[in-house]
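# Overview (structure and organization)
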Amino acid sequence: MNAGIRNCLPPDRNPRKPGLVLPAGSVDTHVHVFEDRYPRSPGRGYDPPESTLADLEHLHETLGVDRVVFTQPSVYGVDNSAIMDGMASLNRRKPGRARAVVALTMDFTDDRVAALDAEGARGIRLNMDNKGGMPLGLDRIPELARRIAPFGWHVEFLFPGKDILDLMPVFKALTVPMSIAHFAYQPATAGIAADGFRALLELVREGNTWIKISGANRVSETDLPPYDDVKPMAEALVEAAPDRIMWGTDWPHPNKYEVNPNDGDLVDAFGDWVGDEAMRRAVMVDTPAAFYRF
């Protein structure tokens, strides 16, 4: 292992079938794939165990998930080959099954974005939380937004939860839609009255922000379910913006070092957070289908 690069845990290799039956067309909006045949960035902060497309397909068959969004992980830098190949493989077998959010430096051309869009890419990820995941400076975001706007793309952010207040001017100035994963890393123990979570609610109410209620194990006081402390955050977000909430497994749960949840438990946690069948369909099917243009 290279100095400073940690080996993280694998996912639970035996996903259980959840008690909740997901609606047809459900979308897992946040996954990665890690295969040894793809070179990793020397600037990465962790080393994930191999977690293949076949593993992902087994997971989704078990969970009852029909569609998926691949999100570029920081370990590959701006080489999107792993997720683009995974998306292409799924779409060859079943058109419209997969989409992707990529990482790019500012030297991209319009032709490249058009080509990526035709393959199923829908946005650019800016990951300020993991080493190697932020390919451009914050000062370039206005230019980035201007250049991707004609393609209907969005910007996906990941950042340390404590930074949300400082980043609010950046978010409020954004001229394209944005998404934030993992409850914006707001700690569940702080509660929904905390300044950081109130800022998140402000963003979603203003109408340009979509939130993934994913990564409960990253924001809960405990790594494993039932994630009772996360439920108030999920409920508050759904109440604030019922048409801008999405869900994802975060499989294979990279950059974790003590324990990883069983993904069947994550589906059942979602069922506990969102009890209304129509709202479950909105979060799992309708909203992500529109946002990622399935």
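Above this text sits the structure in question.
Presented here is an overview of the structure given in this document. (Residues numbered from 1 in each chain as written. Predicted model: local features only at pLDDT ≥ 70, side-chain atom pairs only at ≥ 80, totals over all residues. Heavy atoms only, no water.)

## Considering the nonpolar core
Ranked by size, the top nonpolar core spans 89 residues in total, and within it Phe70, Leu237 and Trp273 carry the most contacts. The residues touching Trp273, leaving out its near neighbours within four places in the chain, are Phe183, Ile213, Ala216, Tyr227, Val230, Lys231, Ala234 and Glu235. (Core = buried A, V, L, I, M, F, W, Y, C linked by side-chain atoms within 4.5 Å. Buried < 20%, exposed > 50% of the residue type's maximum accessible area, 1.4 Å probe, protein only. Contact = heavy atoms within 4.5 Å.)

## A short note on the packing of aromatic side chains
Here the structure, examined in full by the defined rule, presents eight aromatic pairs. Between the aromatic rings of Trp247 and Phe270, the centroid separation amounts to 6.2 Å while the plane-to-plane angle is 50°, which identifies the pairing as tilted. On the criterion of sequence distance, the pair formed by Trp247 in the loop between strand 10 (245–246) and helix 9 (263–273) and Phe270 in helix 9 is long-range, its members being 23 residues apart. Overall, the relative accessible area of 1% leaves Trp247 in the buried class. Joined through ring pairs, the aromatic side chains of Phe34, Tyr38 and Tyr76 make up one cluster. Arg147 extends its terminal NZ or CZ atom over the ring of Phe108, reaching a point 4.0 Å from the ring centre. (Phe/Tyr/Trp six-rings, centres within 6.5 Å; stacked < 30°, edge-to-face > 60°. Helix = DSSP H or I, 4+ residues; strand = E, 2+ residues; numbered from the N terminus. Lys NZ or Arg CZ within 6 Å of the ring centre and 35° of its normal.)

## What about helix 2 (residues 81–93)?
Its 13 residues place the ends of helix 2 18 Å apart at the C-alpha level, agreeing with the 18 Å of an ideal helix rising 1.5 Å per residue. Contacts from the buried residues of helix 2 go to helix 1 (53–63), strand 4 (67–71), strand 5 (98–102), helix 3 (110–119) and strand 6 (121–127). (Expected span 1.5 Å × (residues − 1).)

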